[in-house]
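Chains, contacts and geometry: an overview
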Amino acid sequence: MQLFKAYHAHVYFNADSFDAAEQLCKRANEVFSIPMGRLHQKPVGPHPVWSCQLSFRGDLFGEITQWLNYHRDGLDILIHPVTEDDLKDHRDYAMWLGNSYELDLSIFSAKP
């Protein structure tokens, strides 16, 4: 049963781990033919550190999550579904590979 049609994986990094993050994201893009976002060298959106977004279909969740976990080499990764409720996606449905971070959820307005 597939509850979510799409996911984002946000690979977190800093100046010291930039090269590792770039290699991981580029490799995921090549292996799975999934879109790779920019390597943001500043906090963007709710993310408190530098990050790069990978987007993928829900039916690839298991395969990609396992691959990222195996290949992350110490990098921290936030994975969340993509629904019409960004707040819930990042607050209620978020999962982490490695360490978790406090996100700036104030940028999302709560839906009634």
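This section reports on the structure supplied with the text. (Residues numbered from 1 in each chain as written. Predicted model: local features only at pLDDT ≥ 70, side-chain atom pairs only at ≥ 80, totals over all residues. Heavy atoms only, no water.)

**Focus on the environment of valine 44**
Mapping valine 44 onto the fold places it in the loop between strand 2 (36-40) and strand 3 (50-57). Assessed through its relative accessible area of 27%, valine 44 is described here as partly exposed. (Helix = DSSP H or I, 4+ residues; strand = E, 2+ residues; numbered from the N terminus. Buried < 20%, exposed > 50% of the residue type's maximum accessible area, 1.4 Å probe, protein only.)

**Quick notes on the packing of helix 1 (residues 18-32) against helix 2 (residues 61-71)**
Packing of helix 1 against helix 2 brings their axes to within 11 Å, and their N-to-C directions diverge by 145°. For the pair helix 1 and helix 2, the crossing hand works out as right-handed. Residues Leu24, Arg27, Ala28, Val31 and Phe32 of helix 1 form the contact with helix 2, whose participating residues are Glu63, Ile64, Trp67, Leu68 and His71. (Axes fitted to C-alpha atoms, helices over the stretch in contact; angles between N-to-C directions. Left-handed = near helix turned anticlockwise from the far one by under 90°. Contact = heavy atoms within 4.5 Å.)

**Observations regarding the pattern of salt bridges**
Taken as a whole and assessed by the stated rule, the structure comprises four salt bridges. Across the pair glutamate 22 and lysine 26 runs a salt bridge whose closest N-O atoms are separated by 3.4 Å. Taken as a pair, glutamate 22 and lysine 26 lie in helix 1 at a separation of four residues, close to a single helical turn. The exposure class assigned to glutamate 22 is partly exposed, which follows from its relative accessible area of 22%. Taking the shortest distance from any N to any O, the salt bridge between glutamate 30 and arginine 27 comes out at 3.4 Å. Pair noted here: glutamate 30 and arginine 27 are both in helix 1, with a separation of three residues, about one helical turn. (Salt bridge = Lys/Arg side-chain N within 4 Å of Asp/Glu carboxyl O.)

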